[in-house]
Amino acid sequence: MLNNLNPLVSLCKRRGYIFPGSEIYGGLGACWDYGPLGAQFKINVKEHWWKAMTHRQDVVGLDSAILMHTNVWKASGHVDGFSDPLVDCKDCRFRFCLDKEKETKKDPGSCPQCGSKNLTKPRDFNLMFKTHAGSVEEEASLVYLRPETAQGIYVNFLNVQSSMRKKIPFGVAQIGKAFRNEITLGNFIFRCREFEQMEMQYFIHPKQADQHFEYWLQERKKFLTDLGLPEKSLRIHEHDKEELAHYARKAVDLEFLFPMGWKELEGIHHRGDFDLKQHQKLSGKKLSYFDVEKQDTYVPWVIETSIGLDRLILSLLCSAYKEEKVKNEQRIFLALHPQLAPIQVAVLPLSKKDQLNTLANKISTFLRKKWRIEQDETGSIGKRYRRQDEIGTPFCVTIDFDSLEDKKVTVRHRDTMKQERLDIELLERYFTDQYIN
Ligand code: ATP
């Protein structure tokens, strides 16, 4: 179990998962680049979420634009209300955010850097990034980079409902980038300025809010444990009245025990009809639903599930990270779910000799039809195992000179380091069974 993020940050960089953004220029705060393995891992996690959400009758997908009409953010409350109170220390000039300091239980009445009480009054700092559409940088061309994906779903409520002939209850799911000019940084990819969200808005009849809320809370918890997060590292935190966002009637955080403590991983929110009513007001368009059977017209209520992909990636990496002593040497491995691991099988010919390589190529090509394969011929076998352990590859297939004779290979298991000799012909069957179970 990790008690700080440093070993993981270092592994991610060393092994091609996550690099600091713009590193050769000294980096850019809270921006990260996913390397080849991180990019694949991210796609795998997204795919699981997308399947869980949209491969069902009552939820459909959407991919709306990052840039939206400025009135969207007026309607949602982000222009006026999406801000953090900033305080400057007049002595050491450190700038900090009041809310997040409370979160770490430091005394908000003194500077967290030098302890001085000589502070400015809190001033609201809006977290939305601004830019301009078109060639003229004037007020009229101002647009924001979206700070959440949800609003793209609300403004398309009627388009989706009518084009897909959906009856309430139904949901709309979306994965996409969101941007927040966060002030409190640190903790690796926990809080980024550019990140991805996976959100789903479930449109319901007002009378059924409690039942749907409970259903989605349980569904989301199950999704997280199915991906491999241990039950004991997850807990539920219900917001009290003071914590509730302006749009929310009820909100529950699914918290994960990160190395820096319990923190929000996913939010389940009962948003009532706040968003659709606000968009109705500012757009002048009716956003109601007509129930043909009951001859009833109403503005639907919404249950939202919202998770940050990067934060989910961090929780999966934290819980997968393992260190152990093997023959007085430290072994590090990532015990990732076999379906999420960026590489599922490594093919390792013991020597670079032609015959072994030819056989290795054949096995790689064959297995690649079904799984993500990396063939590695370089360095000692010990080093190659170490690399595969650290990137979380569940199985290594080692090909030695006996393989040429007996048509068998050694399969090594990541978590137990158990090795077994298997017929090459049986490999496909074997891995199929492993992944199904
Ligand atoms: P926090 O209090 O941690 O800033 P929030 O309450 O503002 O989060 P929401 O607006 O509810 O978060 O966003 C939904 C989800 O998006 C969060 O549960 C989190 O997983 C993710 N998220 C929000 N902000 C960030 C960020 N800056 N970097 C990465 N993920 C984020």
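These numbers come from a predicted model, not from an experiment.

Colleague: Give a detailed account of the side chain of Arg 311, specifying residues and quantitative values.
Modeller: Looking at where Arg 311 falls in the secondary structure, it is placed in helix 10 (residues 309–320). For the buried residue Arg 311, which engages in no salt bridge, the nearest side chain bearing the opposite charge is Glu 264, 5.0 Å off. At 3.0 Å, the side chain of Arg 311 and the backbone oxygen of Glu 264 are in polar contact. Sequence-distant contacts of Arg 311, that is, excluding residues within four places in its chain, are made with Ile 189, Phe 190, Arg 191, Phe 258, Glu 264 and Leu 265.

Colleague: Give me the side chain of Arg 412: which residues, what numbers.
Modeller: Along the polypeptide, Arg 412 turns up in strand 22 (residues 408–413). Here the side chain of Arg 412 touches Asp 389 through a polar contact of 3.0 Å, side chain to side chain.

Colleague: Describe a negative patch on the surface, and please don't skip the residues or the numbers.
Modeller: A grouping of Glu 238, Asp 240, Glu 242 and Glu 243 is seen on the molecular surface, where their side chains present a negatively charged patch. Within the fold, Glu 238 resides in strand 11 (residues 234–238).

Colleague: Lay out the sheet that holds strand 23 (residues 419–423) with the relevant residues and their values.
Modeller: If you trace the five strands from one edge of the open sheet to the other, you get 20-19-21-22-23, paired in mixed fashion. With one partner strand each, in any of the chains shown, strand 20 (373–375) and strand 23 form the two edges of the open sheet. The average undirected angle you get between the axes of adjacent strands in this sheet is 25 degrees. The sheet contact formed by strand 21 (residues 395–399) and strand 22 spans four bridges and is antiparallel. Counted as the bridge partner of Val 397 is Val 411 from strand 22. Against the sheet, helix 11 (residues 354–368) contacts strand 19 (345–349), strand 20, strand 21 and strand 22, and its axis sits at roughly 170 degrees relative to strand 20. In this fold helix 12 (residues 381–391) packs onto strand 19, strand 20, strand 21, strand 22 and strand 23, with an angle of close to 175 degrees to the strand it touches most, strand 19.

Colleague: Report on the pairing of strand 17 (residues 321–326), specifying residues and quantitative values.
Modeller: As paired strands, strand 17 and strand 18 (residues 329–334) are joined by six bridges and run antiparallel to one another. What sits directly across from Tyr 321, in strand 18, is Leu 334.

Colleague: Which residues make up the packing of aromatic side chains, and what values go with them?
Modeller: Scanning all chains against the criterion turns up 18 aromatic pairs. For the pair Phe 157 and Phe 203, a centre-to-centre distance of 4.7 Å together with 50 degrees between the ring planes defines the contact as tilted. One end of the pair, Phe 157, is in helix 7 (residues 157–163); the other, Phe 203, is in strand 10 (residues 194–204), with 46 residues separating them in the sequence. Exposure remark for Phe 157: the relative accessible area of 1% places this residue in the buried category.

About the cut-offs
- Residues numbered from 1 in each chain as written.
- Predicted model: local features only at pLDDT ≥ 70, side-chain atom pairs only at ≥ 80, totals over all residues.
- Heavy atoms only, no water.
- Helix = DSSP H or I, 4+ residues; strand = E, 2+ residues; numbered from the N terminus.
- Buried < 20%, exposed > 50% of the residue type's maximum accessible area, 1.4 Å probe, protein only.
- Lys, Arg positive; Asp, Glu negative; His and termini not counted.
- Salt bridge = Lys/Arg side-chain N within 4 Å of Asp/Glu carboxyl O.
- Polar contact = N/O pair within 3.5 Å; in protein donor to acceptor, adjacent residues only side chain to side chain.
- Contact = heavy atoms within 4.5 Å.
- Patch = residues over 30% accessible without salt bridge, like charges linked within 9 Å, V, L, I, M, F, W, Y side chains within 5 Å.
- Areas by Shrake-Rupley, 256 points an atom, 1.4 Å probe, with all protein chains shown as cover.
- Charge placed at Lys NZ, Arg CZ, Asp CG, Glu CD.
- Pairing = 2+ DSSP bridges.
- Axes fitted to C-alpha atoms, helices over the stretch in contact; angles between N-to-C directions.
- Phe/Tyr/Trp six-rings, centres within 6.5 Å; stacked < 30°, edge-to-face > 60°.

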